[in-house]
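So the chains spell out like this:
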Amino acid sequence: MKSKCFYLVAGGLLLMSTAANAGLSATVTATSDYTFNGVSQTDNGPALQGSLDYGFDSGWYVGGFTSNVDFGGSDDTWLELDAYAGKYFQLNKQLSLDVGLAYYTYHGDSFSDEYNYPELYSKLGYETSLGHSEAKLTYTWDYFGLGGGHYTMLLGHTISVAEGHDIRFSVDRSTSLDEDKWPWDGGKSFNHFRVAYMTSWSGFDFSLAAEDTSMNLDTSDERLVLSVSRQFML
């Protein structure tokens, strides 16, 4: 089990909710590699993903996310299905807060459901003339069903270099609170660095990201990730 743990990381797309928008929306994404904190969830292969979100005028929201996954080796887990709920607060013109609970589930092998686990998340956003800054914190007390605590801290900033053209810089650190249950490449934590160019055209959103981690694993080394998505208001 420990040899597989390096590859099993939850879907970070959950934390990028569109909670500020009331109503029902769906998003379909094709990506060259499904990575979370720089670690591939598809054994360095492509993924087709979808999400469904409903936001209320009060700021509450619920949603779900799905993607194919591939953890390598003899593990036949191939599907991730997640659910989440939370609330978005617009504290003032510049400051926002997003807090919620996500639940990750996995399917395809006889033991896939043993990976299921909950996670608390919070995101603080700050808007200025220099762009959008954010700080995220996630925490779970049962990482991948192993009974160990785990948290991730992220700092990010997005700037607009021209109308319709944005660049996002981010760095995050993932830390295991119990290395006996979940080590990261023989240690308790690792760092992830990411730079992404984002734009839109004809209703499609494009992202090209360069990322790397401090781990020495084939599924977490330097890479370019291209993603194309489209959102539908239902």
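Presented here is a report on the structure given in the accompanying data block. The structure presented is a predicted model; accordingly, all values stated were derived computationally and were not measured.

Criteria and thresholds
Residues numbered from 1 in each chain as written. Predicted model: local features only at pLDDT ≥ 70, side-chain atom pairs only at ≥ 80, totals over all residues. Heavy atoms only, no water. Pairing = 2+ DSSP bridges. Helix = DSSP H or I, 4+ residues; strand = E, 2+ residues; numbered from the N terminus. Axes fitted to C-alpha atoms, helices over the stretch in contact; angles between N-to-C directions. Core = buried A, V, L, I, M, F, W, Y, C linked by side-chain atoms within 4.5 Å. Buried < 20%, exposed > 50% of the residue type's maximum accessible area, 1.4 Å probe, protein only. Phe/Tyr/Trp six-rings, centres within 6.5 Å; stacked < 30°, edge-to-face > 60°.

Our next topic: the sheet that holds strand β12 (residues 189-201). Around the barrel, which closes on itself, the 12 strands sit in the order β1-β4-β5-β6-β7-β8-β9-β10-β11-β12-β13-β14 with antiparallel pairing between neighbours. Put simply, the sheet's adjacent strands are angled 20° from each other on average, direction ignored.

Let's shift gears to the nonpolar core. If you look at the biggest cluster of nonpolar residues, it comprises 21 residues, and the most contacted ones within it are Y84, Y106, Y117, Y143, F144, W184 and M215. Within the residue set of this core, elements represented by two or more residues are β5 (60-68), β7 (95-107) and β8 (117-128). At 3 residues, β7 tops the list of elements feeding residues into this core.

With respect to the helices and strands, V28 occurs in strand β1 (residues 23-31). For the pair formed by V28 and T199, sequence separation is 171 residues and the distance between their alpha carbons is 16 Å.

This part takes up the packing of aromatic side chains. For the structure shown, the criterion picks out 18 aromatic pairs. On the basis of an interplanar angle of 45° and a centroid distance of 5.0 Å, the ring pair of Y117 and F144 is categorised as tilted. On the criterion of sequence distance, the pair formed by Y117 in strand β8 and F144 in the loop between β9 (131-140) and β10 (150-162) is long-range, its members being 27 residues apart. Since its relative accessible area comes to 0%, Y117 is described here as buried. According to the relative accessible area criterion, F144 is buried, its value standing at 1%. Aromatic rings pair up to connect F71, Y104, Y106, F111, Y115, Y117, Y143, F144, W182, W184 and F190 into one cluster.

Pairing analysis gives 12 bridges linking β10 to strand β11 (residues 165-176), with the strands arranged antiparallel. Within the sheet, the bridge partner assigned to M153 lies in β11 and is R173. Joining the antiparallel neighbours β10 and β11 is a turn of 2 residues, in which G164 adopts a positive phi near 85°. Pairing geometry for β11 and β12, over 11 bridges, is antiparallel. Bridge pairing links S174 to F190 in β12.

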